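Single-letter residue listing:
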Amino acid sequence: METLIREQARLIILKALLQQIDETLNSDLLIHELRPFGIRKSREWVHEELGYLREMGALTTVAVGSVLVATLTEKGHRHLNREIAIEGIQRPSRPGG
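These figures come from a predicted structure and were not determined experimentally.

J.: Honestly, the environment of E23 in this entry has me stumped. Any pointers?
T.: Structurally, E23 can be placed in the loop between α1 (2-18) and β1 (24-26). Along the backbone, E23 and I12 are 11 residues apart, and their C-alpha atoms lie at a distance of 13 Å. In this structure the side chain of E23 is engaged in a polar contact, spanning 2.8 Å, whose partner is the side chain of H77.

As structure tokens, this is what we get:
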């Protein structure tokens, strides 16, 4: 179950970034994006997931004080558009599906 939660959280994070005009959010705001989906985790846990997504090339991060600021990359876009599949991130639903 923990693997499924992590994979789904990673997709939720990418989608949340996509919804922003500058495709950027900080880790504290991402905690709030995960809660409506029943994923209530600590900042440390979110930082771990951001680290995974950074390693996979789906986003970039910059440390600002005690938070991480994440920005979607082209590879992250391609995953969200179903052009590629990034291991460890849930696949988005087909459009209209």
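J.: In this structure, what is going on with the nonpolar core? I would like to understand it.
T.: Inside soluble globular proteins, nonpolar side chains tend to come together where they are buried. Judged by nonpolar contacts, the single largest core of 25 residues is most densely connected at I13, L14, L34, L50 and L59. Of all elements in the fold, only α1, α2 (27-34), α3 (43-55) and β3 (67-72) reach the threshold of two or more residues within this core. Broken down by element, this core gets its largest block of residues, 7 residues, from α1. Those residues in contact with L34 that lie beyond four places of it in its chain are A9, I12, I13, I39, W45 and V46.

J.: Help me out: how do you make sense of the packing of α1 against α2 in this one?
T.: In a pair of packed helices, the angle between the axes and the distance between the axes together describe the arrangement. Two elements in contact, α1 and α2, have axes separated by 10 Å at closest approach and are oriented at 115°. Both α1 and α2 take part in a crossing whose hand is right-handed. Together, A9, I12, I13 and A16 of α1 and L30, E33 and L34 of α2 make up the contact between the two elements. Of the residues assigned to the contact of α1 with α2, the class counts are 6 nonpolar, no polar and 1 charged.

J.: I tried to follow the packing of α1 against α3 on my own but got confused; where do I start?
T.: It is the contact of α1 with α3, at a shortest axis distance of 10 Å, that shows an interaxial angle of 75°. Taken as axis vectors, α1 and α3 run roughly perpendicular relative to one another. Judged by residue contacts, E2, I5, R6, A9, R10, I13 and L14 of α1 engage W45, E48, E49, L50, Y52 and L53 from α3. A class-by-class count of the residues in the contact of α1 with α3 yields 8 nonpolar, no polar and 5 charged.

J.: Before we go on, may I ask you to explain the sheet that holds β3 in this structure?
T.: Strand pairing in a sheet relies on backbone hydrogen bonds. The paired strands run either parallel or antiparallel. Taking strand neighbours across the sheet as the criterion, the 3 strands line up as β1-β3-β2 in an open arrangement whose pairing is antiparallel. Two strands lie at the open edges of the sheet, namely β1 and β2 (59-64), each paired on one side alone. Adjacent strand axes in the sheet meet at a mean angle of 20° when their direction is disregarded. The pairing of β2 with β3 spans 6 bridges and is classified as antiparallel. Bridge pairing in β3 places T60 opposite T71.

Cut-offs and rules
- Residues numbered from 1 in each chain as written.
- Predicted model: local features only at pLDDT ≥ 70, side-chain atom pairs only at ≥ 80, totals over all residues.
- Heavy atoms only, no water.
- Helix = DSSP H or I, 4+ residues; strand = E, 2+ residues; numbered from the N terminus.
- Polar contact = N/O pair within 3.5 Å; in protein donor to acceptor, adjacent residues only side chain to side chain.
- Core = buried A, V, L, I, M, F, W, Y, C linked by side-chain atoms within 4.5 Å.
- Buried < 20%, exposed > 50% of the residue type's maximum accessible area, 1.4 Å probe, protein only.
- Contact = heavy atoms within 4.5 Å.
- Axes fitted to C-alpha atoms, helices over the stretch in contact; angles between N-to-C directions.
- Left-handed = near helix turned anticlockwise from the far one by under 90°.
- Nonpolar A, V, L, I, M, F, W, Y, C, P; charged D, E, K, R; others polar.
- Parallel < 35°, antiparallel > 145°, perpendicular 65-115°, else oblique.
- Pairing = 2+ DSSP bridges.

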